[in-house]
Amino acid sequence: MLKRDTGSDLLRPKFSILNPQLTCTLPAYQTACGATDIMAHVFERYFTNTLDVEITDRLCEAVLLTMINETNAINKRICGINLYNEISGIIDNFDSLDVINKLNNVYKKLFNKKNLVVSVSGSTNARKALKDVVYGLNLSDIEYKEYEYNKELKPIKSSALTFPSDIVFDAFALKVDIDNDNIGKMLLLEHIINYDYIWPNVRVKGGAYGASIRCNLSKGYISGSSYRDPNITKTFDAFNNIYKYIENLNLTEEELNTYVIGVLGTLNQPGSINSDINKFDLKYLSHDDIEFKLKIEKDIINSSLDDLKSFAPIFKRIKDESLIMTIGNETLINELDIFEDLKKLI
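Read on for an overview of the structure. Just so you know, these numbers come straight off a predicted model, no measurement behind them. (Residues numbered from 1 in each chain as written. Predicted model: local features only at pLDDT ≥ 70, side-chain atom pairs only at ≥ 80, totals over all residues. Heavy atoms only, no water.)

### What to know about the packing of helix 8 (residues 253–267) against helix 10 (residues 290–301)
Angle between the axes and distance between the axes are the two parameters that describe a pair of packed helices.
Point 1. Closest axis-to-axis distance for the helix 8/helix 10 pair is 9 Å, and the angle between their directions is 165°. Accordingly, the angle class assigned to the pair helix 8 and helix 10 is roughly antiparallel. The crossing of helix 8 and helix 10 is right-handed. Of the residues in helix 10, those touching helix 8 at Val 260, Val 263, Leu 264 and Leu 267 are Lys 293, Glu 297, Ile 300 and Ile 301.
Point 2. Here the contact of helix 8 with helix 10 is composed, by residue class, of six nonpolar, no polar and two charged. (Axes fitted to C-alpha atoms, helices over the stretch in contact; angles between N-to-C directions. Helix = DSSP H or I, 4+ residues; strand = E, 2+ residues; numbered from the N terminus. Parallel < 35°, antiparallel > 145°, perpendicular 65-115°, else oblique. Left-handed = near helix turned anticlockwise from the far one by under 90°. Contact = heavy atoms within 4.5 Å. Nonpolar A, V, L, I, M, F, W, Y, C, P; charged D, E, K, R; others polar.)

### Quick word on the pattern of salt bridges
Point 1. Tallied over the entire structure, the rule returns nine salt bridges.
Point 2. Here Asp 299 makes a salt bridge to Lys 295, at a shortest N to O gap of 2.8 Å. Of this pair, Asp 299 and Lys 295 both sit in helix 10, four residues apart, roughly one helical turn.
Point 3. Of the residues examined, Asp 299 reaches a relative accessible area of 14% and is grouped as buried.
Point 4. On the basis of relative accessibility, which here comes to 30%, the residue Lys 295 falls in the partly exposed class.
Point 5. In this structure, Glu 321 engages Arg 317 in a salt bridge whose closest nitrogen and oxygen atoms are separated by 2.9 Å.
Point 6. Ionic contacts of the salt-bridge type, sharing partners, join the residues Glu 54, Arg 58 and Glu 61 into one network. (Salt bridge = Lys/Arg side-chain N within 4 Å of Asp/Glu carboxyl O. Buried < 20%, exposed > 50% of the residue type's maximum accessible area, 1.4 Å probe, protein only.)

### Points about helix 5 (residues 183–205)
Point 1. At Ile 198, helix 5 is deflected by roughly 50°, the largest bend along its length, and proline Pro 200 occurs up to four residues later in sequence.
Point 2. Of the residues one or two after helix 5, Gly 207 is the one with positive phi, at around 90°. (Bend = angle between axes of the 7 residues up to and from the residue.)

### A few points about the packing of aromatic side chains
Point 1. For the coordinates displayed, the defined rule picks out six aromatic pairs.
Point 2. Summarising the aromatic geometry, the rings of Phe 236 and Phe 239 are spaced 6.3 Å apart at their centres and angled 65° between planes, so their arrangement reads as edge-to-face. With Phe 236 and Phe 239 both in helix 6 (residues 233–240) and three residues apart, this pair spans about one turn of that helix.
Point 3. For Phe 239, a relative accessible area of 0% corresponds to the buried category.
Point 4. The structure contains a cluster of three or more aromatic residues connected by ring pairs, namely Phe 43, Tyr 46 and Phe 47.
Point 5. For the cation-ring pair, Arg 203 lies above Tyr 209, with the distance from its terminal atom to the ring centre recorded as 5.9 Å.
Point 6. Positioned above the aromatic ring of Tyr 209, the side-chain terminus of Arg 228 is 4.1 Å from the ring centre. (Phe/Tyr/Trp six-rings, centres within 6.5 Å; stacked < 30°, edge-to-face > 60°. Lys NZ or Arg CZ within 6 Å of the ring centre and 35° of its normal.)

### Remarks on a nonpolar patch on the surface
Point 1. A contiguous nonpolar patch, built from Ile 90, Phe 94, Val 99 and Leu 103 and spanning about 390 Å² of accessible area, is present on the exposed surface.
Point 2. Positionally, Phe 94 belongs in the loop between helix 2 (54–92) and helix 3 (96–110).
Point 3. Look at Phe 94 and you get exposed, because its relative accessible area is 53%. (Patch = residues over 30% accessible without salt bridge, like charges linked within 9 Å, V, L, I, M, F, W, Y side chains within 5 Å. Areas by Shrake-Rupley, 256 points an atom, 1.4 Å probe, with all protein chains shown as cover.)

### Some remarks on the sheet that holds strand 3 (residues 210–216)
Point 1. Spatial ordering of the open sheet is given by 3-4-2-5-1-6, a layout of six strands whose pairing is mixed. In this open sheet, the two edge strands, each paired with only one partner strand, are strand 3 and strand 6 (341–344). Neighbouring strand axes in the sheet, compared pairwise and without regard to direction, differ in orientation by 10° on average.
Point 2. Relative to strand 5 (residues 323–328), strand 2 (residues 168–175) is paired through six bridges, and the arrangement is antiparallel. Across the sheet, the residue bridging to Phe 172 is Ile 324, located in strand 5. (Pairing = 2+ DSSP bridges.)

### Considerations on helix 4 (residues 124–136)
Point 1. The end-to-end C-alpha distance of helix 4, which contains 13 residues, comes to 18 Å, matching closely the 18 Å that a straight helix rising 1.5 Å per residue would cover.
Point 2. In the segment just after helix 4, Asn 138 is the residue with positive phi, at about 55°. (Expected span 1.5 Å × (residues − 1).)

### What about the nonpolar core?
As a rule of thumb, nonpolar side chains are buried together in soluble globular proteins.
Point 1. Met 186, Ile 193, Ile 242 and Phe 315 are the most contacted members of the largest nonpolar core, which has 48 residues in total.
Point 2. For this core, the secondary structure elements donating two or more residues are strand 2, helix 5, strand 3, helix 6, helix 7 (242–247), helix 8, helix 10 and helix 12 (312–316).
Point 3. The contact partners of Phe 315, leaving out residues within four places of it in the chain, are Met 186, Leu 189, Ile 193, Ile 213, Cys 215, Ile 222, Ile 242, Tyr 243 and Ile 246.
Point 4. With six residues, the next largest nonpolar core counts Met 39, Val 42, Cys 60 and Met 67 among its residues. (Core = buried A, V, L, I, M, F, W, Y, C linked by side-chain atoms within 4.5 Å.)

Here is the structure:
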């Protein structure tokens, strides 16, 4: 393909009326291309060998910042307009009878013996509830079978997988039971531990590319991990000694408030129109309780230093009760006699 330029006074309008809203019908990709082209031309002027052009440089920087901000804003507006148009189209062309007929066809194709198999594992009460629901559907040719499975699962306390690598990935998981009144406090403590203890000890001093702990209290566990880590023993020692850090935690009111603001920020991160809509849809479908979320935020705000230090005994259990796993450098792993299950991945 050969690109040629062209120009003529005949291409220049004598009078024009510009409506920027018309550009909203452009695909997002084309909008991004236009913004990139504008910035590329500004860069040509900005990165020159000409000295002492401070005013021009500041103007260029202002244009670049404006393009970044406005392009993000335009993208959000485009997403909103596209969503509005899509919903409007559905409403304008909605035929309830047609939808019902199509759903009936789908129902007939899916819900029959040939196409549907449901497998559920659970307690006796759960299986009974499922059976009542299934027979309540009044479907034909239902075949219902139950199988008892009483095998006791015994997790391996420590395991490792080796493969050719200069580094390792370390992780631990500890089962915990935290009541709802302490979830907010624990989330605040997680935030403090990650920034004030894990980051400086495992990342900065230990050399890992990254590390963190996570308190997934809805599923009942505390976990920690490091990645691209040159250490095994030092990293697990850092995890095991989290409780000592908590016991000696000493924060001023101003420092504690700074962490409170930080964790509240992570819980309420702004997003694009699309991401916010997806988030709200998920909350609705999962019956997320907004009152419970507000309670967690209130508990975070009202947390005291003594509240945080009271969790030290829970983290003290990491050393003796947690499951640990390491993946990576074979030499580093084989030097340690701490893994019950050791396998070569590659």
